[in-house]
Every structure is written in C-alpha cells, then in structure tokens.
Amino acid sequence: MNDPVAFVAGLKLLGAGLAMLGAIGAGVGVGLAAAGGVQAMGRNPDAAPIIQTNMILGMAFAEAVAIYALAVALIIIFAA
Amino acid sequence: MTEPVAKKRIPVKRWMILGVIALGAYAAFFGPSLLKPISPVVVLPPEPTGLSIFGFEITNTILATLIADILLILLAIGAYRFVKSGKLVPGGFYNAFEAILEFLWNSVEGTAGKWARRIFVIPATIFLLVFMANMVKLVPGFESIGRIKQMHEGTGYAPVKLVSLGSLNLYTIDKGQPVEATANAEGETGSAEETSASLCTACEVVPFLRGSATDLNFTFALAVTAVVMTQVFGVWALGIPYFEKFFQFRQLINGGIFGLINFGVGFLEIILEFAKILSFGFRLFGNIFAGALLLSIVGALTAVGVPPFLYLFEVFFGIIQAYVFFLLSTVFISGATVSHHSEEHH
C-alpha cells in the first residue's frame, strides 16, 4: 500500500486474471460440442462431414464467450 | 535385391536432427549467456518498422501481410498459368491447392446451395489470406529480427556487436547483462535521430516482421468486410425487404403484443450484426496472439524439446482458425440470402 502505482498495476493484473474465469464456461461448451459431435459421428459415420461442419460452428459460437473475456482482460491490462 | 544397398545408407538426416537438438541444448543451458533465449516483451499494438510511404508508417504487421499477399499473388499466377497450359492433372503444389479449393467449394455448396457460385469468392479469399498469413508467421526470424530500441521501463539487455557489414552493424542482446531501464524525461524530448544513432543501453528488439493476425487492425478489417458483405448479399438476394429483418414495422402494425416483441427482436438483430464483427475480430486475434505469446514464452523457458510440438500445434491452429473464419462468414452470408418469411408459414 506504500506504492499506489504498483498497487493499482497489481490489481489490474488480478482483474485481468479474474476476467479470464469466463473461459470456464466456453471450455465446458466446446467440450460438450466435441463430445456430442464425436458420438454422433460414431453412430452415423456417413453423416460425418455435415456433423463436423456444424460441430465446428457450434464450437466457434461457444468460444466467442471466452473471446469476449479475453477482450476484457486485454482492455484491463493495456487500455484501462 | 536392392536391400543390401539400402542397408548401407547412413542416416544423415537423423544425425543432423540429433546434432541440432544437442546444439540447442548447449546454447540454452551450458553455452555463453549470449546464446540464451530471452523472454519477450509483450506488446499489443503493432510497432513501426521505421519505413514509411508518404508519411504513412509501415508497421511490422503490415510488412508481414504484404509478404503473405505477394506469396498469394505468386500462387495465383502459377495456378492461372497451370490452368492455361491445358494439363488436366495437377501435380505437386497445385495438387494441394486444388484439394484445398475443392474442400472449400464443397463446404460453401453444402451451406449456400444455388448462391454458392456468387458467395464462394469472399469466404475463400478470406480463408486463403488468413491461412497464408498464419503460415508465414511461423517462419523463424519473425518476431526475433529487428531494430534495437531503448526501453523506458522494465529490464532491458545490453547490446553486443556481432559483425559489421560495411556501414551496417549487427547486434544481438545479451541475456547475461540485464540493465535496469531508468525512465528519464530527457529521453522523451531528445530527437529520434539521436537515439537511433547513439546505441541504447537497456535494449529491446522491435521486430521487422510480426504475424498479421496479432494485429487487431488486420482481423477487424476482415471482420468488417465479412459483415458488410453479409448485408450486401442480403440486399442482392432479397432486395429492400431484407431490412425487414431489422425493422419489423409490419409486425408492429398488425401483430398485436407479439408484434411489439418481434419489433424489439429486430433491434436485437442489429446489435447482433455488430457483435459478429466483435467476435470475428477477437476470435482470430485472440487465438493467434495467444499462440505467438505461448511460443515465445515457452521458447524462453524451455528452449529444447517442447517448442517443435507447439509449432505443430500452431500450424494446426492457424488452419483451424482460417477455416472457422471461412465457415462462419459462409454461414452468415448464405443465411442472409435466405428469406425468413417462408418460415412463418410453416
């Protein structure tokens, strides 16, 4: 607390780390999408290309949440 | 018959690889401090390389994008000449190129249907550019060769002269000589020529080349292009009624209370278009920037053994991210060409 500048800088890094907690949900989401996709491909290998496309699409949407968290973290570190 | 000949073959390549690994281990752990890997300085915005055209500063990411562009144009000229030559079976490099394009075409045709021919060019161009930029980024020398610059805060390293070619002096920075940078106000006011002429004491390397997708300007330019083209194709396919998706006045007038809700949903659609730009831009940027950071930090911690696998991982991720960008823009554009009024009658 004797050095307010360093204190604020430390809190910023802490905040950025906490912001990345948002990646938990995205991780679960991507994992679920992959699990569902692999199961579906196992049951119906003929439909693999369609399933794969939709799986990657769903993963990309789930991942977007983690990307917003990353954006917030980067803004906290570099811009705020 | 030929087996005895094959047995005599000396595994030169294997020994070369082992030798390179041993050299790397020596440089990283036992050798002089000059050879030791240095943990990178994390910089978010692209740094200027010192070049400029008409007062427009060329940053290192622009330079890398230009290299990717030139490679793509050469590839296009080669493919064009191949097509003109009349041969039907492509060989070698163009075979791979044809396989990629065929794969892309099948993806577009699967989602866009009869609009595929018109839509194809935009996502495919984005794919090729992002793919090429992500591959070019992995060439050694990127992010490690550049100008040395005085640091204003943190710990820099002392420069050591390697060789001089004519008037050009080549320096490297020495891990064994960390120098604490002192932030003095005088340094800011001193002219730029003076600082470049006199050697820095606490140095960092400003690379000449840095991966294109580690620059938000690159990814957001592509994202804005994709989303704007989504609107363009929507209007092309449906005409002015395309905008009824956003402003559902008809619903408001004769839809009752649910019409009011649908009218509000229309405004959410507008916000969604801007969210698309955001997620497009940050997805590519985040993945590639995090990958570059991971490579340089792990490379500084353990110089031997791990980085090659991370490089493989980065190659994989470069392709996947280019494909995701391609697929999402295809889906958005082909979604805009389909009228959503038909759904209501079901």
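Parameters and conventions
Residues numbered from 1 in each chain as written. Chains lettered and ligands numbered in written order. Predicted model: local features only at pLDDT ≥ 70, side-chain atom pairs only at ≥ 80, totals over all residues. Helix = DSSP H or I, 4+ residues; strand = E, 2+ residues; numbered from the N terminus. Buried ≥ 20, exposed ≤ 12 C-beta atoms within 10 Å, placed from the backbone. Contact = placed C-beta atoms within 7 Å. Rg over C-alpha atoms; globule rule 2.2 N^0.38 Å. pLDDT = per-residue confidence, 0-100. Pairing = 2+ DSSP bridges. Nonpolar A, V, L, I, M, F, W, Y, C, P; charged D, E, K, R; others polar. Core = buried A, V, L, I, M, F, W, Y, C linked by C-beta atoms within 7 Å. Axes fitted to C-alpha atoms, helices over the stretch in contact; angles between N-to-C directions. Parallel < 35°, antiparallel > 145°, perpendicular 65-115°, else oblique. Left-handed = near helix turned anticlockwise from the far one by under 90°. Expected span 1.5 Å × (residues − 1). Arc of directions from axis to C-beta.

## Details of the overall build of chain B
Okay, step 1: When helices and strands are tallied, chain B shows 13 helices and seven strands.
Okay, step 2: Every one of the 346 residues in chain B was classed for burial, and the buried ones make up 27%.
Okay, step 3: Within chain B, contacts between residues at least 6 apart in sequence are counted, and of these 71% link residues at least 24 apart.

## Structural notes on the overall build of chain A
Okay, step 1: Helix and strand counts for chain A stand at three helices and zero strands.
Okay, step 2: The C-alpha atoms of chain A give 19 Å as radius of gyration, which overshoots the globular expectation for 80 residues (12 Å, by more than 25%).
Okay, step 3: Its C-alpha atoms give chain A principal-axis dimensions of roughly 65 × 20 × 10 Å.
Okay, step 4: Counting over 80 residues, chain A shows a buried share of 18%.
Okay, step 5: For chain A, restricting intrachain contacts to residue pairs at least 6 apart in sequence, the fraction spanning at least 24 positions comes to 79%.

## Let's talk about the confidence of the model for chain A
Okay, step 1: Counting all residues, the mean pLDDT for chain A is 87, and 98% of those residues have values of 70 or more.
Okay, step 2: Confidence scores differ between elements of chain A, with helix α3 (residues 48–79) of chain A showing the lowest mean pLDDT of 82 and helix α2 (residues 23–43) of chain A the highest of 93.

## Some remarks on the pairing of strand β7 (residues 203–207) of chain B
Residues and elements named next belong to chain B.
Okay, step 1: Of all the five residues making up β7, four are buried; the element is thus mostly covered by neighbouring parts of the structure.
Okay, step 2: In this sheet, β7 lies alongside strand β4 (residues 146–150) in antiparallel orientation, the contact comprising five bridges. Directly across from Lys149, in β7, lies its bridge partner Glu204.

## Some points on the environment of Val338(B)
Okay, step 1: Relative to the helices and strands, Val338(B) resides in the loop between α12 (306–336) and α13 (341–344).
Okay, step 2: Along the sequence, Val338(B) and Leu238(B) sit 100 residues apart, while their C-alpha atoms lie 7.8 Å from each other.

## Some thoughts on the interface of chain B and chain A
Okay, step 1: With eleven residues of chain B at the contact, the number on the chain A side is eleven residues.
Okay, step 2: Of all elements in the fold, only α4 (93–112), α11 (256–301) and α12 of chain B reach the threshold of two or more residues within the side of chain B that touches chain A.
Okay, step 3: Split by residue class, the side of chain B that touches chain A holds six nonpolar, four polar and one charged.

## What about the nonpolar core?
Okay, step 1: Counting residues in hydrophobic clusters, the biggest one holds 57 residues, and the most contacted among them are Ile126(B), Phe127(B), Val130(B), Ala133(B), Ala226(B), Phe325(B) and Leu328(B).
Okay, step 2: Elements that contribute at least two residues to this core include exactly α2 and α3 of chain A together with α3 (60–85), α4, α6 (121–136), α9 (216–238), α11 and α12 of chain B.
Okay, step 3: Counting six residues, the second-largest nonpolar core is a separate cluster that includes Met151(B), Tyr157(B), Ile173(B) and Cys203(B).

## Things to note about the packing of α4(B) against α12(B)
All names here are of chain B.
Okay, step 1: Direction vectors running N to C along α4 and α12 enclose 30°, while the axes themselves pass 9 Å from each other. For the element pair α4 / α12, the angle class is roughly parallel. For the pair α4 and α12, the sense of crossing is right-handed. Across from Leu104, Ser107, Val108, Thr111 and Ala112 in α4, the residues of α12 making contact are Phe326, Leu327, Thr330, Val331 and Ser334.
Okay, step 2: Residues belonging to the contact of α4 with α12 are distributed by class as follows: six nonpolar, four polar and no charged.

## Points about α4(B)
Since there are 3.6 residues in each turn of an α-helix, residues three or four apart along the chain are aligned in direction.
Okay, step 1: Its 20 residues place the ends of α4(B) 28 Å apart at the C-alpha level, agreeing with the 28 Å of an ideal helix rising 1.5 Å per residue.
Okay, step 2: Where α4(B) is concerned, the buried positions are Ser107(B), Val108(B), Thr111(B) and Ala112(B). Projected onto a plane normal to the axis of α4(B), the buried residues spread over an arc of 110° and lie on a single side. Turned more than 90 degrees away from the buried face of α4(B), the exposed residues are Asn95(B), Ala99(B), Glu102(B) and Asn106(B).
Okay, step 3: Here the buried face of α4(B) lies against α3 of chain A together with α5 (116–119), α6 and α12 of chain B.

## Details of the pairing of strand β1 (residues 48–53) of chain B
Residues and elements named next belong to chain B.
Okay, step 1: As judged from the three bridges shared by β1 and strand β2 (residues 56–59), these two strands associate in the antiparallel manner. Residue pairing across strands places Ile53 opposite Phe56, the latter belonging to β2.
Okay, step 2: Following β1, the chain reverses through two residues before pairing antiparallel with β2; Phe54 in that reversal takes a positive phi of roughly 50°.

## Looking at the confidence of the model for chain B
Residue and element names in this part refer to chain B.
Okay, step 1: When the pLDDT values of chain B are averaged, the result is 79; 82% of them are 70 or greater.
Okay, step 2: Put simply, helix α7 (residues 185–189) is where chain B has its lowest mean pLDDT, 37, and α6 is where it has its highest, 92.
Okay, step 3: In this model residues 183–197 is a low-confidence stretch, pLDDT under 50, and it forms six contacts with partners more than four residues away in sequence or in other chains.
Okay, step 4: Per the prediction output, this complex has pTM 0.80; the corresponding ipTM is 0.71.

## Structural notes on the environment of Val130(B)
Residue and element names in this part refer to chain B.
Okay, step 1: Along the polypeptide, Val130 turns up in helix α6.
Okay, step 2: Measuring from C-alpha to C-alpha, the distance between Val130 and Gly318 comes to 8.0 Å, with 188 residues separating the pair along the chain.
Okay, step 3: Contact partners of Val130, with chain neighbours within four places excluded, come to Ala213, Leu284, Gln321, Ala322 and Phe325.

## Observations regarding the environment of Ala237(B)
Residue and element names in this part refer to chain B.
Okay, step 1: As for its placement among the helices and strands, Ala237 is situated in helix α9.
Okay, step 2: Each C-alpha atom of the pair Ala237 and Ser334 lies 9.7 Å from the other, and the pair is 97 residues apart in sequence.
Okay, step 3: In this view, Ala237 contacts Trp115 and Thr337; residues no more than four positions away in its chain are not counted.

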